[in-house]
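# Structure assessment
Each chain, written out:
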Amino acid sequence: MSVAFRLGLLTLVAAAVPASAQDGDAGAGREFAAPVRIVAAGKYVGSSRSVRNPVATYVDIDHDGTRELVVGDEWGFLYVHDPVLEEGEPRFGRARQPVVDGESLRFANDGSFGVFPQFVDFDGDGREDLLAATYEGAVFVAYATEDGYRRPERVRDSKDRPVQLARAFDPVEGVWKDRDGVVATESLPEEHAVAAIAVDWDEDGDLDLLLASQEGRFFVQRDAGGGSPHAFTGTSDPLLVNTLRGLRPLRVPNGVTSIRALDWDGDGLFDLVCGSRDGGVLYFRNTGEKGRPDFARSTVLVQDMSTTRDVPGAEPTAPENRLYAETVDWDGDGDVDLLVSGATRVVPLPRELSEEEAARADELALRVGELERSVRDIYRAAVKSDTGVLTPEQERRVLELRRELKDVRDELQELRPEAVDVDYVWLYRRL
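Since the structure is predicted, the reported quantities are computational estimates derived from the model, not experimental observations.

### Here's the deal with the pairing of strand 7 (residues 91-96)
- Sheet analysis places strand 2 (residues 39-40) next to strand 7, joined by two bridges and oriented parallel. The residue of strand 7 that forms the bridge with V39 is R91.
- Bridging between strand 6 (residues 78-84) and strand 7 involves four bridges; their strand directions are antiparallel. Across the sheet, P83 pairs through a bridge with F92, a residue of strand 7.

### Details of the confidence of the model for the protein
- With 85% of its residues at a pLDDT of 70 or more, the protein has an overall mean of 82.
- Counting contacts from residues 1-29, a segment whose pLDDT is below 50, to residues more than four positions away or on other chains yields 143 contacts.

### A closer look at the pattern of salt bridges
- Going through the model one piece at a time under the given rule, you end up with 27 salt bridges.
- As a salt-bridge pair, R397 and E400 come within 3.2 Å of each other at their nearest N and O atoms. Residue R397 and its partner E400 are both found in helix 2 (residues 392-415); the two are separated by three residues, about one turn of the helix.
- Here E400 falls in the partly exposed class, since its relative accessible area comes to 46%.
- Here the salt bridges do not stand alone but share partners, grouping D62, D82 and R96 into one network.

### Here we look at the environment of D267
- One can find D267 in the loop between strand 24 (256-262) and strand 25 (271-276).
- In this structure the C-alpha to C-alpha distance between D267 and T287, which are 20 residues apart in sequence, comes to 9.7 Å.
- Setting aside residues no more than four positions away along its own chain, D267 makes contact with R285 and N286.
- Polar contacts involving the side chain of D267 include one to the main-chain amide nitrogen of L269, which spans 3.0 Å.

### Concerning unusual backbone geometry
- Phi at H63 is positive, roughly 60°, even though this residue is not glycine.
- Note that H63 resides in the loop between strand 4 (55-59) and strand 5 (68-72).
- In this structure, D160 is a non-glycine residue whose phi angle is positive, near 65°.
- Assignment of secondary structure puts D160 in the loop between strand 15 (153-154) and strand 16 (168-170).

### Quick notes on the packing of aromatic side chains
- By the definition in use, this model includes 17 aromatic pairs.
- A centroid spacing of 6.5 Å and a plane angle of 75° characterise the contact between F107 and F140, whose relative ring orientation is edge-to-face. Highlighted residues: F107 in the loop between strand 9 (103-104) and strand 10 (118-120) and F140 in strand 12 (residues 139-142), separated in sequence by 33 residues. F140 matches F107 in its accessibility class, with the two residues each being buried.
- Ring centres of F218 and F284 lie 6.2 Å apart, and the angle between their planes is 75°; this geometry places the pair in the edge-to-face category. Of this pair, F218 sits in strand 20 (residues 218-221) while F284 sits in strand 26 (residues 281-286), placing them 66 residues apart in sequence.
- Relative accessible area serves as the criterion here: at 2%, F284 is assigned to the buried category.
- Joined through ring pairs, the aromatic side chains of F32, W264, Y283 and Y428 make up one cluster.
- For R106, the ring lying beneath its charged end belongs to F77, and the centroid distance is 5.7 Å.
- The side chain of R430 reaches across the aromatic face of W264, ending 3.8 Å from its centre.

### Overview of helix 2
- Under the 1.5 Å per step criterion, the end-to-end length of helix 2 is 35 Å for 24 residues, consistent within 8% with the ideal 34 Å.
- Within the span of helix 2, buried status applies to E395, V398, L401, R402, L405, K406, V408, R409, L412 and L415.
- Against strand 3 (43-44), strand 6, strand 9 and helix 1 (355-383) lie the buried residues of helix 2.

### Describing the sheet that holds strand 18 (residues 193-199)
- A sheet is described by the order of its strands in space; here four strands give the open sequence 18-19-20-21, paired in antiparallel fashion. Of all the strands in the sheet, just strand 18 and strand 21 (237-238) have a single pairing partner and so form its edges.
- Bridge analysis of strand 18 against strand 19 (residues 208-213) gives six bridges, and the strand direction is antiparallel. Counterpart to I197 in the pairing with strand 19 is L210.

### Here we look at the sheet that holds strand 30 (residues 420-428)
- Read from one edge of the open sheet, four strands run 1-30-29-28, paired in antiparallel fashion. Of all the strands in the sheet, just strand 1 (36-37) and strand 28 (321-328) have a single pairing partner and so form its edges.
- With two bridges joining them, strand 1 and strand 30 adopt antiparallel strand pairing. Across the sheet, the residue bridging to R37 is W426, located in strand 30.

Definitions and limits used
Throughout, a residue's number is its position along its own chain's written sequence, starting from 1. Per-residue local features are limited, in this predicted model, to residues with pLDDT of at least 70; the limit for side-chain atom pairs, both in listing and counting, is 80 or more; totals at the level of whole chains, interfaces and linings are taken over all residues. The basis for every side-chain value is the complete set of non-hydrogen atoms in the structure, without hydrogens or water. Each pair of strands is called paired provided DSSP finds at least two bridges between the two strands. The helix and strand labels rest on DSSP assignments: H or I over at least four residues marks a helix, E over at least two residues marks a strand, and numbering proceeds from the N terminus. Looking at any residue, its pLDDT shows the predictor's confidence there, from 0 to 100. Note on definitions: a residue-residue contact is assigned when non-hydrogen atoms from the two residues lie within 4.5 Å. When a carboxyl oxygen of Asp or Glu is within 4 Å of a side-chain nitrogen of Lys or Arg, the pair counts as a salt bridge. A 1.4 Å probe rolled over the protein chains alone gives each residue an accessible area, and that area as a share of the maximum for its type sets the label: buried under 20%, exposed over 50%, partly exposed in between. Throughout this description, a polar contact denotes any pair of N or O atoms lying within 3.5 Å of each other; where both atoms belong to protein, one of them has to be capable of donating a hydrogen while the other can accept it, and for residues adjacent in sequence the pair is counted only when both atoms sit in side chains. Planes of paired rings set the category: under 30 degrees apart is stacked, over 60 is edge-to-face and the rest tilted, where pairs are Phe, Tyr or Trp rings (Trp by its six-membered ring) whose centres lie within 6.5 Å. The rule is short: NZ of Lys or CZ of Arg within 6 Å of the ring centre and within 35 degrees of the ring normal puts a charge over the ring. Multiply 1.5 Å by the residue count of a helix minus one, and that product is the helix's expected span.

Written out as structure tokens, the structure is:
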């Protein structure tokens, strides 16, 4: 089977910070230019609170020869921003959503992290599909068609069981289940996958799966070959690396958010670039050989840092936590840049309100609660339905509610500004 896949895409980050190399991490000590926040439709991506926990990639999702900024949110929707040709820093237009059978394409993701797909030719037909793990522990693929994508479906092993780690959440029944569909017991490990990529791990011509758990560990599920398009073994082997104390699990102490595999240092072997919940963007250099990867200790490519916390009115200059890292040659100069999505604490300047303004703010706060409950009720009803997805009428209603919610939140924030975590998208150009 001919394998074509994109190991890395795009990653944004903040602050001109050198990568701090550790022992065995030769080639990682490259600097990045000062970060730039990405703008779409005249606003910083993430500043609109109608898209929660946005995470971004930069790919040709339409297969039309032009790359677009693709943003996933915590509900599993994708938002596509087309490029606007301007001089200076890149700008993008208003968001549109990919559509499947008249409905917005959506991964079943109802967690606190945005959905972050890998664009990869998963079935070998020459088109790039969308592969993503969700916060609930499931791994989905949306296969590309001539004019778009099919609905996301669970990736399955050779025994037709869903690919997952110890457990995955069933949103219909509201319980955690193992891969055989049995309700999870307390004795079952709690690890569940929150990130997944396809990569030819053993260089045998088939795509394998690299899974990362919320707890920060990595697992490899191999393709045994002969499947259509895959025959995954159903066994997720922990990724072990050689250390002075013998074999130890490769681990991100503060939990993984994203994985990308690419040749970062130009030695012909794929390395790993990972986002984390509280540890910045990390690089693991592959010190093994083709077909037998091994990895050195991590190097921090982008340090998470607090730049605005408790400083009213301060403009953010870097992401602070929950960093997602995408790898991409942003400017076509042959270097791999980073597109980093991450949360930053923004503390507005306080305001003194008149009696009328205070009354209006109270009214708006009540309306926010009403709208949020209405949206949640619609999603819960959809999840428990026979199809498990929103109907066109429900989608239209959710869109109406979200638009009103955005307007109400924006007005309330003007009257009664509060410190909020804003998930911006940052570009780090590699020097």
